[in-house]
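Now for the letters of each chain:
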Amino acid sequence: MRLKQYIPFDLKYKLHFHKAKFSKAQFFEDANLTNQQKKAFLFLAADYGNLGDVAITYAQTKFLEDQGYQVIEIPISKTAEGIWWVKKYIQPNDIVTLIGGGNMGDLYEQIETLRQLVIKQFPKQKIISFPQTFDFSESQYGQKRLSKAKNTYQNHNKLTLVAREQVSFELMKANFLQNNIIQTPDIVLTLKDVITQSHRQGAVVCLRDDKEKSIDNITSQKITDGLKQYFDQNISYRDTHINESNLSIEARKKALNDIWKTFGQAKIVVTDRLHGMIFAYITQTPCIVFTNNNHKVEGTYQWIKDCGYIKFLSTFEEEKFKQYLIELQSIQPKLINLDSLYQPLMKEL
């Protein structure tokens, strides 16, 4: 057991992948593939508890269906089995899609490893990686992982990479010279009418407690103290991460509806999570958002800043925070039309 801890994930998964070739892919037996409809195989679908990634999976499925595809989801927990199964049934005009999000880099290297595995296994198929953040670090290890990604991506001549903000777009263009690079907002921003409007009360705090966290405990307490001046004790705490795994599609939809309902019933949300901000936006909930430890929050904010009910702070400033609290309590939220921004992705499909 202890020895396994020292075996790199890449090697362990390589062994698992080859073993899966000879296993029966029971999970996919009930898939109802149609001959009349073009198919999109959605790899690395989130069946774990990060509701931001779950929402991406949901929105990506809906987006592909709206473009006329039958979508077949390959959960990330079933990647190895899914690859071998898809190889049996995929047709030349079908496409492979990779989940969007913030896992293109060395921070979440296991997902990056699986992404590269899928790309390698479908060398002749059109592949589209949905809106992602480029997040390879400047460390020696990060640059080593980037070099590996360059080799994998650029050896595939039908791979399109979609950046979800300007910094990632520029970094992808600079590093993946042989690939088709386009830019659109995060795919969750395509969602509309996710809740029925209801009476709003209180505040929701949704702050990170992981390796992307940039707000310390002292600042977190200052945020809570500031909210108490306006909402007394009517403050609830939610995270966009629920500690569960192997979630069914039905369980994921329920979890999304639950958090969207919580946000939609609040007068204000305070968050440093990218999808905390996006959930506030799509539920038309006033929101103050802080940056995380990379460029994805601020970059995505640029797409929706003109809506007026999402306010961005790069660092906690008590007076500015209180000013935004006052301003947002009298604002009438309304979505802005982002449809035209997804035209480059629609064209690829």
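Cut-off values and rules
Residues numbered from 1 in each chain as written. Predicted model: local features only at pLDDT ≥ 70, side-chain atom pairs only at ≥ 80, totals over all residues. Heavy atoms only, no water. Helix = DSSP H or I, 4+ residues; strand = E, 2+ residues; numbered from the N terminus. Buried < 20%, exposed > 50% of the residue type's maximum accessible area, 1.4 Å probe, protein only. Contact = heavy atoms within 4.5 Å. 1 Å grid on protein atoms, 1.4 Å probe; cavity = no way out; pocket = protein on both sides within 12 Å on 5 of 7 lines; lining within 4 Å. Points joined across faces, edges and corners; volume = space filled by probe spheres on them. Nonpolar A, V, L, I, M, F, W, Y, C, P; charged D, E, K, R; others polar. Phe/Tyr/Trp six-rings, centres within 6.5 Å; stacked < 30°, edge-to-face > 60°. Lys NZ or Arg CZ within 6 Å of the ring centre and 35° of its normal. Expected span 1.5 Å × (residues − 1). Arc of directions from axis to C-beta. Pairing = 2+ DSSP bridges. Right-handed = clockwise from strand over helix to strand, strands pointing away. Axes fitted to C-alpha atoms, helices over the stretch in contact; angles between N-to-C directions. Left-handed = near helix turned anticlockwise from the far one by under 90°. Disulfide = S-S within 2.5 Å.

When you line up the elements, leucine 313 lands in strand 12 (residues 310-313). Judged by relative accessible area, leucine 313 falls into the buried class, the value being 4%. A C-alpha to C-alpha distance of 17 Å links leucine 313 and phenylalanine 279, two positions 34 residues apart in sequence. Apart from the residues within four sequence positions on either side, leucine 313 is in contact with Ile288, Val289, Phe290, Thr291, Lys320, Phe321 and Tyr324.

In this structure, the largest pocket occupies an estimated 620 Å³ of space. Contributing elements (two or more residues each) for the lining of the largest pocket: helix 2 (51-66), strand 2 (70-75) and helix 8 (249-264). Top element by residues in the lining of the largest pocket is helix 2. It accounts for six residues. For the lining of the largest pocket, the residue count by class is 12 nonpolar, seven polar and eight charged.

Under the defined criterion, the tally for this structure stands at 20 aromatic pairs. Ring centres of tyrosine 281 and tyrosine 309 lie 5.8 Å apart, and the angle between their planes is 0°; on these two criteria the pair is classed as stacked. Of this pair, tyrosine 281 sits in helix 9 (residues 274-282) while tyrosine 309 sits in the loop between helix 10 (296-304) and strand 12, and the two are 28 residues apart along the sequence. Both residues of the pair, tyrosine 281 and tyrosine 309, belong to the buried class. An aromatic cluster is defined as three or more aromatic residues linked by ring pairs; in this entry it consists of Phe27, Phe28, Phe41, Trp85 and Tyr89. Here lysine 38 stacks its cationic end above the ring of tyrosine 69, 4.5 Å away from the centre of that ring. Its end group placed over the ring of phenylalanine 122, lysine 87 keeps NZ or CZ at 5.5 Å from the ring centre.

Turning our eyes to something else, we now look at helix 8. In a regular helix each residue adds 1.5 Å, so 16 residues correspond to 22 Å; helix 8 covers 22 Å between its end C-alpha atoms and thus fits that length. Within helix 8, the full set of buried residues consists of Arg252, Ala255, Leu256, Ile259, Trp260, Phe263 and Gly264. Buried residues in helix 8, looked at end-on, bunch into an arc of 160°, giving them a common side. Seen from the open side of helix 8, the exposed residues pointing more than 90 degrees away from its buried face are Glu250, Lys254 and Lys261. Its buried side turned inward, helix 8 meets helix 2, strand 2, strand 8 (203-206), strand 10 (268-271) and helix 9.

Another point: the pairing of strand 7 (residues 180-183). Where strand 6 (residues 159-163) and strand 7 come together, four bridges link them in parallel fashion. Paired with leucine 161 across the bridge in strand 7 is isoleucine 181. Running through helix 6 (residues 166-175), the crossover from strand 6 to the neighbouring parallel element strand 7 is right-handed.

Here we take up the packing of helix 7 (residues 217-231) against helix 11 (residues 318-328). The contact between helix 7 and helix 11 brings their axes to 11 Å, and the two run at 35°. Like other packed secondary-structure pairs, helix 7 and helix 11 cross with a definite hand, here right-handed. Of helix 11, the residues touching helix 7 (which contributes Ile223, Gly226, Leu227, Gln229 and Tyr230) are Phe321, Lys322, Leu325 and Ile326. Across the contact of helix 7 with helix 11, the residue classes break down as six nonpolar, two polar and one charged.

With that settled, consider the sheet that holds strand 9 (residues 235-237). A sheet is described by the order of its strands in space; here five strands give the open sequence 9-8-10-11-12, paired in parallel fashion. A single partner strand is all that each edge strand has here, and the edge strands are strand 9 and strand 12. When the angles between neighbouring strand axes are averaged without regard to direction, this sheet yields 20°. Note: strand 11 (residues 287-290) against strand 12, four bridges, orientation parallel. Residue isoleucine 288 lies in a different strand from strand 12, and its bridge partner there is lysine 311. On the sheet, helix 7 packs against strand 8, strand 9, strand 10 and strand 11 and is oriented at approximately 140° with respect to strand 9. Against the sheet, helix 10 engages strand 11 and strand 12, with an angle of about 150° to strand 12.

The tally for this structure, following the rule as stated, stands at zero disulfides. Cysteine 287 carries a free sulfur, and the closest cysteine sulfur to it, the one in cysteine 206, is 8.8 Å from it.

Take threonine 285: it is sitting in the loop between helix 9 and strand 11. If near-sequence neighbours (up to four positions away) are discounted, threonine 285 is found in contact with Arg200, Phe263, Gly264, Ala266, Ile268, Val269, Ala280, Tyr309 and Ile310.

We now examine unusual backbone geometry. Phi angles above zero are rare outside glycine, and aspartate 232 is one such case at about 50°. Within the secondary structure, aspartate 232 is located in the loop between helix 7 and strand 9. With a relative accessible area of 53%, aspartate 232 lands in the exposed category. Positive phi, close to 55°, is recorded for glutamine 284, a residue that is not glycine. Structurally, the position occupied by glutamine 284 is in the loop between helix 9 and strand 11. Accessibility expressed as a relative area gives 22% for glutamine 284, which makes it partly exposed.

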